[in-house]
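# Survey of secondary and tertiary structure
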Amino acid sequence: LGGSAYSIMPEAVLEAVGADYGVVGEGERIMVEFAADAERGVYPGQRIIRAASQLCGSMIPRASYDPAMLTYYLQNANIVSVQTKRGCTHNCVYCSYPSLEGSSIRCREPREVVDDVEFLAQERGAKMIFFIDSVFNDDAGHYRDVLQEMKRRGVCVPWTAFIKPEQLDDETVLLMKDTGLKAVELGSDAPSDATLEGLGKSFRFRDVAACTDLFARHDIATAHYFMFGCPGETQASVHEGINNIVNLKKTVSFIFMGIRILPATALEAVAVRDGVIVPGQDLFDPVYYIAPGIDREWLERVLTAGF
C-alpha cells in the first residue's frame, strides 16, 4: 500500500486492508528498492516502511504518465494533474499536508514543470491541467517562476489550481490568464473571521471577498469550500457566515457541516481539549468535529434554510 490516505493512518489501514507492506510518505525511491529486493526474495523486516528523507528539486520526478492510465483520467474528467512543489508552510488545524509533505516548500525546477505541461498537452491530448500543489500561490513566489517559464516558451494550456485568497493583484491574475488559467478553487474554508481564526488561517473574510471580486473582474471562474462548526463557531457566527457567503458574487460555494478529524493534526488536539473525542480515539471510521455549544440538528436546520 501507499499514498496519502494510507500515510495518514498506516497501521489502521494496513490492518483493515490486510496487505503485506505499506510505504509511508514519498515512495518513488522506496518502491523501486522494494521491487528490486523482492525480485531476489528479500523483504523488509517491518511491514510499515517509512521514507527516510524527502526529495527536493530535480530529485522529485515527473509522474509516470502511462497512456492507459491517462486515458482513464481523460475519459472521466478531461483533466491531468501536475505538481510544481511539495510541502506546505501554513498551519490550518485540520490539514494533513504538513505531516504528509513537510512544513517547508520543496520546489521542482520550473523548466521541468513546463516540460510536463507541454508534453501532456501536445503528446497526450490533455485539455486541462490541474496544478495539485497544496497551495499554488506560495508566499515565496515560486509559482510566478513557473508562470513566467510558461509565458517565455509560449505555453498556454487551460489550467486550474488551489489558490489562497492572499497576495494577489491584477498583474498576477493577468499573468495567470495569459498562461491559460480558466478557474480556481479558493481555500477559503470558513465564512467568518472568528472561524477563520479558529482554523489557523492567516487571512480574514474581507480577503476572501476581495479575491473573489478580483478573479471575477478577469472572468475567471471561482469555487469556495466552506465548513461550519469550526473551532470558535457560535450561533451568531453561523448566521454571519451564511450572510457572508450569500453576498459573494459570481462564484460557486460548497457548504459542509463539521470537519473530519485526522490523526496528527492540531484539530485532533483541539477535539480532545473540547471533549469531542477522547485521547487516543480510533479515527479510522470518520469522526467529525463540531464546536461545543453548536447543536448538530440546529446547525443542519439553519444551513438547510440558509442555502
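All of the points below concern the structure found in this document. None of the values given here were measured: they were computed from a predicted structure. (Residues numbered from 1 in each chain as written. Predicted model: local features only at pLDDT ≥ 70, side-chain atom pairs only at ≥ 80, totals over all residues. Heavy atoms only, no water.)

## Side note on the environment of glutamate 300
Inclusion rule: Runs of E in the DSSP output that reach at least two residues are strands. Runs of H or I that reach at least four are helices, and both are numbered from the N terminus. Here's how the labels work: a residue is buried when its accessible area is under 20% of the maximum for its type, exposed when over 50%, partly exposed in between, all with a 1.4 Å probe on protein chains only.
Of note, glutamate 300 is situated in helix H13 (residues 296–306). Relative accessible area serves as the criterion here: at 46%, glutamate 300 is assigned to the partly exposed category. Put simply, glutamate 300 and phenylalanine 256 are 44 residues apart on the chain and 9.9 Å apart in space, counted from C-alpha to C-alpha.

## Observations concerning the pairing of strand E7 (residues 159–163)
To keep it simple, the criterion reads: In this analysis, strands are considered paired if DSSP registers two or more bridges between them. A crossover counts as right-handed when, viewed with the strands pointing away from the observer, the path leading from the first strand over the helix to the second turns clockwise.
The buried fraction of E7 amounts to four of the five residues, a majority that puts the element mostly inside the structure. As paired elements, strand E6 (residues 129–131) and E7 share three bridges and run parallel to each other. Paired with isoleucine 129 across the two strands is tryptophan 159, which belongs to E7. For the handedness criterion, the β-α-β arrangement of E6, helix H7 (residues 142–152) and E7 is classed as right-handed.

## Section: helix H12 (residues 266–273)
Condition: The directions from the helix axis to the C-beta atoms are what the arc is built from. Whether two residues touch is decided by their heavy atoms; if any such pair falls within 4.5 Å, the residues are in contact.
When H12 is considered as a whole, its buried residues turn out to be Leu267, Val270 and Ala271. Relative to the axis of H12, the buried residues are bounded by an arc of 100° and lie together on one face. Elements in contact with the buried residues of H12: strand E11 (259–260) and strand E12 (288–289). Residue glycine 275 follows H12 closely and has a positive phi angle near 75°.

## Here's the deal with the pattern of salt bridges
The cut-off we apply is this: Salt bridge criterion: a side-chain nitrogen from Lys or Arg within 4 Å of a carboxyl oxygen from Asp or Glu.
By the definition in use, this model includes 21 salt bridges. A salt bridge links glutamate 11 to arginine 50, with the nearest nitrogen and oxygen atoms 3.1 Å apart. Linking glutamate 11 in helix H2 (residues 10–17) with arginine 50 in strand E2 (residues 48–50), this pair joins segments that are 39 residues apart in sequence. Residue glutamate 11 is classed as partly exposed on the basis of its relative accessible area, which comes to 47%.

## Focus: the side chain of glutamine 83
Rules: N or O atoms within 3.5 Å of each other form a polar contact, as long as, within protein, one can give a hydrogen and the other can take it, and as long as residues adjacent in sequence are counted only when both atoms are side-chain atoms.
Within the element layout of this structure, glutamine 83 appears in the loop between strand E3 (80–82) and strand E4 (85–86). Engagement of the side chain of glutamine 83 in a polar contact is seen with the side chain of arginine 86, the distance being 2.9 Å. Those residues in contact with glutamine 83 that sit more than four places away from it in its chain are Glu101, Arg108, Val113, Ile132 and Asp133.

## Digging into the packing of H7 against helix H8 (residues 170–178)
Quick reminder of the rule: Where helices are involved, their axes are fitted lines through C-alpha atoms of the stretch in contact, as for all axes, and angles between N-to-C directions lie from 0 to 180°. When an angle is under 35 degrees it counts as roughly parallel; over 145 it counts as roughly antiparallel; between 65 and 115 it counts as roughly perpendicular; any other value is oblique. The sense of a crossing depends on the near helix, which, turned anticlockwise from the far helix by less than a right angle, makes the crossing left-handed and, turned clockwise, makes it right-handed. Each residue gets one of three labels, nonpolar for Ala, Val, Leu, Ile, Met, Phe, Trp, Tyr, Cys and Pro, charged for Asp, Glu, Lys and Arg, and polar for the others, Gly among them.
Put simply, H7 and H8 touch, their axes get as near as 9 Å, and they point 45° apart. Judged by the inter-axis angle, H7 sits oblique to H8. Here the hand of the crossing between H7 and H8 comes out left-handed. Residues Tyr143, Arg144, Leu147, Gln148 and Lys151 of H7 form the contact with H8, whose participating residues are Thr172, Leu175, Met176 and Asp178. Its residues assigned to classes, the contact of H7 with H8 comprises four nonpolar, two polar and three charged.

## A look at unusual backbone geometry
In this structure, asparagine 78 is a non-glycine residue whose phi angle is positive, near 60°. Its location among the elements puts asparagine 78 in the loop between helix H4 (67–76) and E3. Under the relative-accessibility criterion, asparagine 78 is labelled partly exposed at 37%. In this model, aspartate 219 sits at a positive phi of 60°, which is unusual for a non-glycine residue.

## Some thoughts on H4
In this structure aspartate 66 caps H4, since a side-chain oxygen of it lies 3.1 Å from the backbone nitrogen of alanine 68. The positive-phi residue at the C-terminal boundary of H4 is asparagine 78, with phi of around 60°.

## Considerations on the sheet that holds strand E9 (residues 221–228)
Read from one edge to the other, the open sheet built from six strands follows the order E3-E6-E7-E8-E9-E10, with strand pairing classed as parallel. The open sheet terminates on both sides in strands that have one partner only, identified here as E3 and strand E10 (252–257). If you compare each strand with its neighbour and ignore which way they point, the axes differ by 20° on average. Relative to strand E8 (residues 181–189), E7 runs parallel, the two sharing five bridges. Bridge pairing links tryptophan 159 to leucine 181 in E8. Against the sheet, H13 contacts E9 and E10, and its axis sits at roughly 165° relative to E10.

## A closer look at the environment of glutamate 26
Tracing the backbone shows glutamate 26 in the loop between strand E1 (22–24) and helix H3 (28–39). When its relative accessible area of 13% is taken as the criterion, glutamate 26 is described as buried. The sequence separation of glutamate 26 and glutamate 101 amounts to 75 residues, and the corresponding C-alpha distance is 8.0 Å. Setting aside anything within four residues of it in sequence, one finds glutamate 26 in contact with Ala51, Ser53, Gln54, Leu55, Arg86 and Arg106. Here the side chain of glutamate 26 touches leucine 55 through a polar contact of 2.9 Å, landing on its backbone nitrogen.

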